[in-house]
Amino acid sequence: HAVTPLCPHPPTTTIRVRPLTCTETRRGDRQDPLSHRRPRAQVSAARHDATFGFSAVFDAGASQEAVFEGSGMRQLVELALDGFSCTVFAFGQTGSGKTYTLMGPLAQSKTQPASPALLGLMQRSFACLLEQSRNRGSDLALSASYLEIYNEQVRDLLSPGPPCTLPLRWSKTRGFYVENQLSVDFESLEAIASLLLQGAEPRVQGWDISPGCWPAPWAARASP
Ligand SMILES: Nc1ncnc2c1ncn2[C@@H]1O[C@H](COP(=O)(O)OP(=O)(O)OP(=O)(O)O)[C@@H](O)[C@H]1O
């Protein structure tokens, strides 16, 4: 094991705004239109106004596909295949749409498969990874691990039975790593998609909102 080189490209920072819930609409929350030409978000607080710049902005009407295609994910997958260590990091307050963007509504409906249009960045990047690795024709070994850090504890979501807490270690050769984490080899989209479902089951869910609380267009789009 050698420490994988970090991606040489500057990070792409995108912002996505989710649709307002009925509660938010009822209490008069508004969504300011975002500028796609000069992607920036203006935040006004009692004492302080700030403007943040982004590589791309996605408003409430943006599809999962548009977010995947517009956020540099394909390039990231290519870099990963070139041997760089790549990260996709979703950041936002609870209920802001991180899980939806990464996985689609899969976590809300575990028993039925999600509609393909609603698949998130993870499933789309798996498809892209398998396609690109096949195109390269080289003998690449693909494996997956699925960890959750919650309340400063690392849990292995692929381990059978109740998720166990694993220690974080550091070594000269490997850098930081999680001891005894499971790593599962996969070769097909079905195999990695089923690992994703398996790992989503024991995740700690932070936010619960009934679909009935969403305005009609969203509720219709969400039904698988
Ligand atoms: N772009 C979107 N379009 C439609 N619905 C969305 C969108 N983003 C989020 N939602 C819905 O908003 C609710 C909260 O989203 P989600 O669970 O993804 O938030 P989260 O940021 O992962 O929250 P937590 O940090 O608490 O886990 C969910 O019901 C989700 O389906």
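Quick caveat, the model's predicted, so the values are computed rather than measured.

### A short note on the overall build of the protein chain
Here is step 1 of the chain: What the protein chain contains, in helices and strands, is seven helices and eleven strands.
Here is step 2 of the chain: Burial statistics for the protein chain: of 224 residues in total, 29% are counted as buried.
Here is step 3 of the chain: Surface exposure of the protein chain reaches about 14,900 Å², of which carbon and sulfur atoms provide 54%.

### Observations concerning the pairing of strand β2 (residues 40-44)
Here is step 1 of the chain: Pairing geometry for β2 and strand β3 (residues 49-53), over five bridges, is antiparallel. Paired with R40 across the bridge in β3 is G53.
Here is step 2 of the chain: A loop of four residues connects β2 with β3, the two strands running antiparallel in sequence.

### Quick look at the environment of G61
Here is step 1 of the chain: Position of G61 relative to the elements: it lies in the loop between β4 (56-58) and α2 (64-70).
Here is step 2 of the chain: In this structure G61 comes out as exposed when scored by relative accessible area, which is 64%.
Here is step 3 of the chain: In this structure the C-alpha to C-alpha distance between G61 and P19, which are 42 residues apart in sequence, comes to 7.4 Å.

### A look at a nonpolar patch on the surface
Here is step 1 of the chain: Taken together, the side chains of L168, W170 and F176 make up a nonpolar region of the molecular surface, amounting to roughly 420 Å² of accessible area.
Here is step 2 of the chain: With respect to the element layout, F176 can be found in strand β10 (residues 175-178).
Here is step 3 of the chain: Given a relative accessible area of 65%, F176 falls into the exposed group.

### A word on the UniProt feature "binding site: ATP" (unreviewed entry) in the protein chain
Here is step 1 of the chain: Feature annotation in UniProt assigns "binding site: ATP" (unreviewed entry) to the following positions: G92, Q93, T94, G95, S96, G97, K98 and T99.
Here is step 2 of the chain: Residue placement: Q93 occurs in the loop between α3 (73-81) and α4 (98-103).
Here is step 3 of the chain: Judged by its relative accessible area of 65%, Q93 falls in the exposed class.
Here is step 4 of the chain: Looking at the secondary structure, you find T94 in the loop between α3 and α4.

### Things to note about the confidence of the model for the protein chain
Here is step 1 of the chain: Across the protein chain, the average pLDDT comes to 82, with 80% of residues at or above 70.
Here is step 2 of the chain: Confidence drops under pLDDT 50 across residues 206-224; counting only partners more than four residues distant or on other chains, this segment forms 28 contacts.
Here is step 3 of the chain: Scored as a complex, the prediction yields pTM 0.83 and ipTM 0.99.

### Remarks on the pattern of salt bridges
Here is step 1 of the chain: Across all of its chains, the model carries six salt bridges by this definition.
Here is step 2 of the chain: R27 is paired through a salt bridge with D29; the nearest N and O atoms lie 2.7 Å apart.
Here is step 3 of the chain: Residue R27 is classed as exposed on the basis of its relative accessible area of 56%.
Here is step 4 of the chain: Residue D29 is classed as partly exposed on the basis of its relative accessible area, which comes to 28%.

### Description of the packing of helix α5 (residues 121-136) against helix α6 (residues 189-200)
Here is step 1 of the chain: Packing of α5 against α6 brings their axes to within 10 Å, and their N-to-C directions diverge by 155°. Considering their axes alone, α5 and α6 lie roughly antiparallel with respect to each other. Considering how the two elements wind past one another, α5 and α6 form a crossing that is right-handed. Across the interface between the two elements, M122, Q123, F126, A127 and L130 from α5 touch L189, I192 and L196 from α6.
Here is step 2 of the chain: Taken together, the residues of the contact of α5 with α6 sort by class into seven nonpolar, one polar and no charged.

Reading the values: rules and limits
- Residues numbered from 1 in each chain as written.
- Predicted model: local features only at pLDDT ≥ 70, side-chain atom pairs only at ≥ 80, totals over all residues.
- Heavy atoms only, no water.
- Helix = DSSP H or I, 4+ residues; strand = E, 2+ residues; numbered from the N terminus.
- Buried < 20%, exposed > 50% of the residue type's maximum accessible area, 1.4 Å probe, protein only.
- Areas by Shrake-Rupley, 256 points an atom, 1.4 Å probe, with all protein chains shown as cover.
- Pairing = 2+ DSSP bridges.
- Patch = residues over 30% accessible without salt bridge, like charges linked within 9 Å, V, L, I, M, F, W, Y side chains within 5 Å.
- Salt bridge = Lys/Arg side-chain N within 4 Å of Asp/Glu carboxyl O.
- UniProt positions renumbered as here; feature names shortened; annotations may be inferred.
- pLDDT = per-residue confidence, 0-100.
- Contact = heavy atoms within 4.5 Å.
- Axes fitted to C-alpha atoms, helices over the stretch in contact; angles between N-to-C directions.
- Parallel < 35°, antiparallel > 145°, perpendicular 65-115°, else oblique.
- Left-handed = near helix turned anticlockwise from the far one by under 90°.
- Nonpolar A, V, L, I, M, F, W, Y, C, P; charged D, E, K, R; others polar.

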